[in-house]
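# Fold and geometry: a report
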Amino acid sequence: MKCPACGHAEMASKILDETLSYGGQSLTLHGMRGEFCPVCGEGIWDAESYRRYAEAQTALLRSVKGDVGGASRRIRKGLNLTQSQLAGAFGVGKAAFSRYERGETRPPAPVVKLLKLLERHPDLLKEMDSV
Ligand SMILES: [Zn+2]
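Residues numbered from 1 in each chain as written. Predicted model: local features only at pLDDT ≥ 70, side-chain atom pairs only at ≥ 80, totals over all residues. Heavy atoms only, no water.

Below, the discussion takes up the overall build of the protein chain. When you go through the protein chain residue by residue, the secondary structure sums to six helices and three strands. Going from N to C terminus, the protein chain has its helices and strands arranged as β-β-β-α-α-α-α-α-α. Rg of the C-alpha trace for the protein chain: 23 Å, well past the compact-globule value of 14 Å for 131 residues, more than 25% over. A principal-axis box enclosing the C-alpha atoms of the protein chain has dimensions of 70 × 25 × 20 Å. Taking all 131 residues of the protein chain together, 26% fall into the buried category. Across the protein chain, contacts joining residues at least 24 apart in sequence account for 45% of those joining residues at least 6 apart. Counting only carbon and sulfur atoms, one obtains 52% of the accessible surface of the protein chain, whose full area is about 8600 Å². Mean positive and mean negative side-chain charge positions of the protein chain (19 and 15 charges, respectively) differ by 7 Å. (Helix = DSSP H or I, 4+ residues; strand = E, 2+ residues; numbered from the N terminus. Rg over C-alpha atoms; globule rule 2.2 N^0.38 Å. Buried < 20%, exposed > 50% of the residue type's maximum accessible area, 1.4 Å probe, protein only. Contact = heavy atoms within 4.5 Å. Areas by Shrake-Rupley, 256 points an atom, 1.4 Å probe, with all protein chains shown as cover. Lys, Arg positive; Asp, Glu negative; His and termini not counted. Charge placed at Lys NZ, Arg CZ, Asp CG, Glu CD.)

Before going further, it helps to spend a moment on the coordination of the zinc ion. Protein coordination of the zinc ion is provided by Cys3 (SG), Cys6 (SG), Cys37 (SG) and Cys40 (SG), with donor distances spanning 2.2 to 2.4 Å. One way to put it: the four donor atoms around the zinc ion meet at angles of 104 to 114 degrees, and that makes the site tetrahedral. With a relative accessible area of 39%, cysteine 6 lands in the partly exposed category. (Donors = N, O, S within 2.8 Å, 3.2 Å for Na, K, Ca; no water. Tetrahedral: all angles 85-135°; square planar, octahedral: opposite > 155°, others 65-115°.)

With the rule as written, the count across this model stands at six salt bridges. For glutamate 119, the salt bridge is made with arginine 74, and the minimal N-O distance between the two is 2.6 Å. Separated by 45 residues along the polypeptide, glutamate 119 in helix H5 (residues 109–120) and arginine 74 in helix H2 (residues 68–78) bring together distant segments of the chain. Shared partners join several salt bridges into a network, and the residues in it are Glu48, Arg51 and Glu55. (Salt bridge = Lys/Arg side-chain N within 4 Å of Asp/Glu carboxyl O.)

Keep in mind these values describe shape, not function.
Structure below.
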């Protein structure tokens, strides 16, 4: 196999550890297989290793950015509200919180900030209702 980056004729099969880093966290994958160029260092994972790499990347991103949907559910339950009651108070569509909590949609930043505010000051909910 020819190197797609520099055109060197021979790529070498290797098994190695690959470490992903993001936002101060890192994750190491062991026994990753791929073809590597001895000249420029370009590498191509095999299908299984590529799948593991992509999965690890998603997991790392989620762990760094936090599970927003889970936090939304936790705060809502703390406020003792159903998804549609909370949607009513926020003035968003009835299904919005269902989508956020299932991780289908990422809640917009103002919604997340408002949720966090309500978590600390649940009494503000009464004032939102009267707005
Ligand atoms: Zn190369």
